[in-house]
Amino acid sequence: MNNRSPKPGLGGHLAICRFDHWFKNVFVLPGIVAALAIDPSTRQWGVAVDALIGLVSIGLIASSNYTLNEILDAPHDRHHPDKRSRPVPSGRVSVPWAWVQWILLLILGLALGSLVSLTYLWVMLALWLMGCVYNIPPLRTKEVPFLDVISESVNNPIRMTAGWYISGTVLEPPASLLLSYWAFGCFFMVLKRYAEFRSIGDPELAVTYRSSFSYYTENRMLSSAIVYISAANLLFGAFLMRYHLELVLSFPMIAWVVGEYFRLSLWPNSPVQSPEHLYRQKRLMLALVACAASIGVLLFVDMPWMHQLFLPSAM
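Predicted model only: the values in this text are computed from it and were never measured.

Rules of the game
Residues numbered from 1 in each chain as written. Predicted model: local features only at pLDDT ≥ 70, side-chain atom pairs only at ≥ 80, totals over all residues. Heavy atoms only, no water. Core = buried A, V, L, I, M, F, W, Y, C linked by side-chain atoms within 4.5 Å. Buried < 20%, exposed > 50% of the residue type's maximum accessible area, 1.4 Å probe, protein only. Contact = heavy atoms within 4.5 Å. Axes fitted to C-alpha atoms, helices over the stretch in contact; angles between N-to-C directions. Helix = DSSP H or I, 4+ residues; strand = E, 2+ residues; numbered from the N terminus. Parallel < 35°, antiparallel > 145°, perpendicular 65-115°, else oblique. Left-handed = near helix turned anticlockwise from the far one by under 90°. Nonpolar A, V, L, I, M, F, W, Y, C, P; charged D, E, K, R; others polar. Expected span 1.5 Å × (residues − 1). Arc of directions from axis to C-beta. Salt bridge = Lys/Arg side-chain N within 4 Å of Asp/Glu carboxyl O. pLDDT = per-residue confidence, 0-100. Polar contact = N/O pair within 3.5 Å; in protein donor to acceptor, adjacent residues only side chain to side chain. Patch = residues over 30% accessible without salt bridge, like charges linked within 9 Å, V, L, I, M, F, W, Y side chains within 5 Å. Areas by Shrake-Rupley, 256 points an atom, 1.4 Å probe, with all protein chains shown as cover. Phe/Tyr/Trp six-rings, centres within 6.5 Å; stacked < 30°, edge-to-face > 60°. Lys NZ or Arg CZ within 6 Å of the ring centre and 35° of its normal.

Asker: Can you explain the nonpolar core? Please cite residues and give values.
Answerer: Within the largest apolar cluster, 71 residues are counted, with the highest numbers of intra-cluster contacts made by Met-124 and Phe-187. Ignoring anything within four residues of it in the chain, the contact list for Phe-187 reads Ala-225, Tyr-228, Ile-229, Val-258 and Tyr-261.

Asker: For the packing of helix H7 (residues 155–166) against helix H8 (residues 175–200), give the residues involved together with the corresponding values.
Answerer: Between two packed helices, the angle of one axis relative to the other and the distance separating the axes together describe the packing. At a minimum axis distance of 7 Å, the contact between H7 and H8 shows a crossing angle of 140°. Overall, the two elements H7 and H8 adopt an arrangement that is oblique. Between H7 and H8 the crossing geometry is right-handed. Across the interface between the two elements, Asn-156, Pro-157, Met-160 and Thr-161 of H7 pack against Leu-177, Leu-178, Tyr-181, Trp-182 and Gly-185 of H8.

Asker: Lay out the packing of helix H5 (residues 118–135) against H7 in plain terms, naming residues and giving numbers.
Answerer: Taken N-terminus to C-terminus, the directions of H5 and H7 make an angle of 165°; their axes are 9 Å apart at the nearest point. Here H5 lies roughly antiparallel to H7, going by the angle between them. When you trace H5 past H7, the crossing you get is left-handed. On H7, the residues touching Thr-119, Tyr-120, Val-123, Met-124, Ala-126, Leu-127 and Met-130 of H5 are Asn-155, Ile-158, Thr-161, Ala-162, Tyr-165 and Ile-166. Looking at the contact of H5 with H7 residue by residue, the class counts come to ten nonpolar, three polar and no charged.

Asker: Tell me what's going on with helix H11 (residues 251–265), and back it up with residues and numbers.
Answerer: The first and last C-alpha atoms of H11 sit 21 Å apart over 15 residues, in line with the 21 Å expected at 1.5 Å per residue. When we look at burial in H11, the residues that qualify are Ile-254, Val-257, Val-258, Glu-260, Tyr-261, Leu-264 and Ser-265. The buried residues of H11 all sit within an arc of 160° when viewed along its axis, so they share a single face. Against the buried residues of H11 lie H8, helix H10 (218–243) and helix H12 (282–298).

Asker: Go over the pattern of salt bridges with me, naming the residues and quoting the values.
Answerer: Opposite charge on two side chains allows them to pair when their charged atoms are near. A full pass over the atoms with the stated rule returns eleven salt bridges. A salt bridge links Arg-193 to Asp-148; the shortest N-O distance between them is 3.1 Å. Of this pair, Arg-193 sits in helix H8 while Asp-148 sits in helix H6 (residues 147–153), placing them 45 residues apart in sequence. On the basis of relative accessible area, Arg-193 is assigned to the buried category, the value being 0%. A salt bridge links Arg-283 to Glu-260; the shortest N-O distance between them is 2.9 Å. Taken as a pair, Arg-283 in helix H12 and Glu-260 in helix H11 lie far apart in primary sequence, 23 residues in all. Under the relative-accessibility criterion, Arg-283 is labelled partly exposed at 48%. A network of salt bridges, in which partner residues are shared, links Asp-148, Glu-152, Lys-192, Arg-193, Glu-196 and Arg-210.

Asker: Can you tell me about H7, naming the residues and giving the values?
Answerer: For H7, which comprises twelve residues, the first-to-last C-alpha distance of 16 Å matches the rise-based estimate of 16 Å (1.5 Å per residue) to within 8%. Here H7 has its buried residues at Asn-155, Asn-156, Pro-157, Ile-158, Arg-159, Met-160, Thr-161, Ala-162, Gly-163, Trp-164, Tyr-165 and Ile-166.

Asker: Describe the confidence of the model for the protein chain, listing the residues and the values that go with them.
Answerer: A residue-level look at the protein chain finds 96% of positions with pLDDT of 70 or above and a mean pLDDT of 91. Of all secondary-structure elements in the protein chain, the lowest mean pLDDT belongs to helix H9 (residues 203–209), at 82, while H11 reaches the highest, 97.

Asker: So what's going on with the environment of Thr-169? Which residues, and what values?
Answerer: Looking at the secondary structure, you find Thr-169 in the loop between H7 and H8. Among the residues examined, Thr-169 registers a relative accessible area of 6% and is labelled buried. If sequence neighbours within four positions are ignored, Thr-169 has contacts with Ala-35, Asp-39, Thr-42 and Trp-164. A distance of 3.1 Å separates a polar atom in the side chain of Thr-169 from the backbone nitrogen of Leu-171.

Asker: Outline a nonpolar patch on the surface, supporting the account with residue identities and numerical values.
Answerer: Taken together, Trp-97, Val-100, Ile-103, Leu-104 and Ile-107 make up a surface patch of nonpolar side chains, about 480 Å² in accessible area. Residue position: Ile-103 is located in helix H4 (residues 95–116).

Asker: Talk me through the side chain of Glu-260; I want residue IDs and the actual numbers.
Answerer: When its relative accessible area of 6% is taken as the criterion, Glu-260 is described as buried. A distance of 2.7 Å separates a polar atom in the side chain of Glu-260 from a polar atom in the side chain of Arg-263. Dropping the residues within four chain positions of it, Glu-260 is found in contact with Arg-283, Leu-284 and Ala-287.

Asker: Which residues make up the packing of aromatic side chains, and what values go with them?
Answerer: Counted according to the given criterion, the structure contains 14 aromatic pairs. Measuring from ring centre to ring centre gives 5.4 Å for Phe-19 and Trp-22, while their planes differ by 70°; the resulting arrangement is edge-to-face. Residue classification places Phe-19 among the partly exposed residues on the basis of a relative accessible area of 40%. Classification of Trp-22 by relative accessible area gives partly exposed; the value is 24%. Aromatic pair Phe-27 and Tyr-181: ring centres 6.2 Å apart, planes at 75°, arrangement edge-to-face. Pair noted here: Phe-27 is in the loop between helix H1 (10–15) and helix H2 (29–38) and Tyr-181 is in helix H8, with a separation of 154 residues, a long-range link. Judged by relative accessible area, Phe-27 falls into the partly exposed class, the value being 29%. When the ring centre of Tyr-215 is taken as origin, the NZ or CZ atom of Arg-220, which lies over that ring, is 4.0 Å away. The ring of Tyr-243 has Arg-242 lying over it, and the distance from NZ or CZ to the ring centre is 5.4 Å.

Rendered as structure tokens:
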């Protein structure tokens, strides 16, 4: 039997880039679509080229953040039943070279981002800085209860802002839309924490993996999930009342996505612990596609009768 420890290699270094997580960059696309709907002057073919460059740029910045996360999480991952086999804690990565990789990915991502626009470059830098805030002591917000969820989910509105500026619009993105996107991200993230906590099954062992679990309980996480999803829908309602009332028809689809994700989070060894594999959940994917399609269509549809229906009945 071969009991030799794994040696650092290219495979390990590629693995900590988490290229399979690049699918999260689809959260850039709603920003592009929203900008195209609100600002018709942006509807030009050049947007497609900028979108391609921008998606690769944000993917490299995300991989830089993932690399940092893998390096700094390794001591904690050794206490997790599954994550102990990750490349860094298992010895398949040279840590000094991983630090170099972290910076090189940043430089490449910013260089590509500058080809889109200066504003987009600043958005990419903001995304990278949030990765530092989330991972690097003494801030390391991932260890602070509730702030861990809030600070990681801020990547959602940053991605939407990136998509917004890819469109080339000179308008500012609506604050209500960004805040709603943030709150939806908090809902999904706290249920991911909830699923992790239940999967570990031992509160003392859970704390060795994630120190914020010293405060979290299942009830606290589920209660906060209700707060986040309530805020998300309230803020989305504020956005649609100001910008595009027709989006109210998308609420059944949004509720479907929320319900499906919540259902999955309650499963033993829930798949929401690994978002990169959620594409295997057919019902959730069907709900997401239906939701995205309905919002995408409704953004470009005018229904004057709806505006009459929602007129104030008293002044």
